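Structural characterization, general
Read off the chains here:
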Amino acid sequence: KAGVTQTPRYLIKTRGQQVTLSCSPISGHRSVSWYQQTPGQGLQFLFEYFSETQRNKGNFPGRFSGRQFSNSRSEMNVSTLELGDSALYLCASSLAGGPNQPQHFGDGTRLSIL
Amino acid sequence: TQLLEQSPQFLSIQEGENLTVYCNSSSVFSSLQWYRQEPGEGPVLLVTVVTGGEVKKLKRLTFQFGDARKDSSLHITAAQPGDTGLYLCAGAGSGGGADGLTFGKGTHLIIQP
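Report on the accompanying structure. Everything quoted here is computed from the prediction, not taken from an experiment. (Residues numbered from 1 in each chain as written. Chains lettered and ligands numbered in written order. Predicted model: local features only at pLDDT ≥ 70, side-chain atom pairs only at ≥ 80, totals over all residues. Heavy atoms only, no water.)

With respect to the sheet that holds strand β7 (residues 61-65) of chain B
All names here are of chain B. In spatial order, the strands read β1-β3-β8-β7-β6; together these 5 strands make up an open sheet with antiparallel pairing. The open sheet has two free edges, formed respectively by β1 (5-7) and β6 (55-58), since each of these has just one partner strand. Put simply, the sheet's adjacent strands are angled 15 degrees from each other on average, direction ignored. The sheet contact formed by β7 and strand β8 (residues 71-76) spans 5 bridges and is antiparallel. Bridged to T62 within β8 is H75. (Pairing = 2+ DSSP bridges. Helix = DSSP H or I, 4+ residues; strand = E, 2+ residues; numbered from the N terminus. Axes fitted to C-alpha atoms, helices over the stretch in contact; angles between N-to-C directions.)

What follows is the structure, given as structure tokens:
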């Protein structure tokens, strides 16, 4: 059974640009959550999508957005990139969604802002 | 805002020793999960504890959820170099999880041969 796939694995951008990250969940999983991981703050919840609808949202500015497609694949977009957006972005899928469900993580996209 | 404090932040011990990692909060969680993350990879779920006082064992790893569902511990017996990694605890809020999982900042564990 294929795991969660995130693309690209590495990305370098400059301030002011925008970026789109992609996540393909485990087959049959309908929920996709996104997290930002930094050395200083650890893992922080960005948002969760279930059946193409954003169900939960963390405390991040509106520059961070996402969407989910009918095949459960999800994309995350960050606009007007700032140096502080440099981080490992992780997505996780689960069958039914919600934080009580076991989360299956991908290996992340490492985003570096120059 | 619910916070999870993990201690110690860093731990380096010799193979064969025992260790305990703690995860504490002032908030009540409906469940708590433990993950291990290795460099270049995403976190991998080890266990989920749901009931206050619950103890779960996974080979040499013993997980305990506090009676009040505010804290948890992970005990490793006879640590092996393969146990090296970042150990993360994550709590699901008792209010329905509107904020998703709340993660601690993790314990970096190094087991030296």
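Section: the environment of N100(A)
With respect to the helices and strands, the residue N100(A) is situated in the loop between β9 (87-94) and β10 (104-105). Between the alpha carbons of N100(A) and P39(A) there is a distance of 25 Å; along the sequence they are 61 residues apart. With near-sequence residues (within four places) excluded, N100(A) lies in contact with S30(B), S31(B), Q33(B) and A92(B). (Contact = heavy atoms within 4.5 Å.)

A few points about the state of the cysteines
Residues and elements named next belong to chain A. Considering all chains together, one arrives at 2 disulfides over all chains under this definition. Here C23 engages in a disulfide with C91; their sulfurs sit 1.8 Å apart. What sets the handedness of the C23 and C91 disulfide is the S-S torsion sign, and at about 65 degrees it is right-handed. Residue C23 is found in strand β3 (residues 19-24), and its partner C91 is found in strand β9; the two are separated by 68 residues along the sequence. C91 shares its class with C23; the two are buried. (Disulfide = S-S within 2.5 Å. Buried < 20%, exposed > 50% of the residue type's maximum accessible area, 1.4 Å probe, protein only.)

Considering the packing of aromatic side chains
This structure, assessed with the given rule, holds 9 aromatic pairs over all chains. With centroids separated by 5.7 Å and ring planes inclined at 45 degrees, the aromatic side chains of Y35(B) and F103(B) adopt a geometry described as tilted. Of this pair, Y35(B) sits in strand β4 (residues 29-37) while F103(B) sits in strand β10 (residues 101-103), and the two are 68 residues apart along the sequence. An aromatic cluster is present here, built from Y35(A), F45(A), F105(A), Y35(B) and F103(B) joined pairwise through their rings. Its guanidinium or amino end placed over the ring of F50(A), R55(A) lies 4.4 Å from that ring's centre, counting from NZ or CZ. (Phe/Tyr/Trp six-rings, centres within 6.5 Å; stacked < 30°, edge-to-face > 60°. Lys NZ or Arg CZ within 6 Å of the ring centre and 35° of its normal.)

Thoughts on unusual backbone geometry
That bond from T7(A) to P8(A) is cis: its omega, -10 degrees, falls within 30 degrees of zero. Inspection of the secondary structure assignment puts P8(A) in the loop between β1 (5-7) and β2 (10-13). The peptide bond linking S7(B) to P8(B) adopts the cis configuration, its omega dihedral lying at -10 degrees. Take P8(B): it is sitting in the loop between β1 and β2 (10-14). Unlike most non-glycine residues, E52(A) shows phi in positive territory, near 70 degrees. A positive phi angle is found at S72(A), which is not glycine, with a value near 75 degrees.

Things to note about the pattern of salt bridges
Residue and element names in this part refer to chain B. Taken as a whole and assessed by the stated rule, the structure comprises 8 salt bridges over all chains. A salt bridge links E38 to R36; the shortest N-O distance between them is 3.5 Å. Judged by its relative accessible area of 32%, E38 is partly exposed. The closest approach of N and O atoms between K56 and E54, which form a salt bridge, is 3.8 Å. (Salt bridge = Lys/Arg side-chain N within 4 Å of Asp/Glu carboxyl O.)

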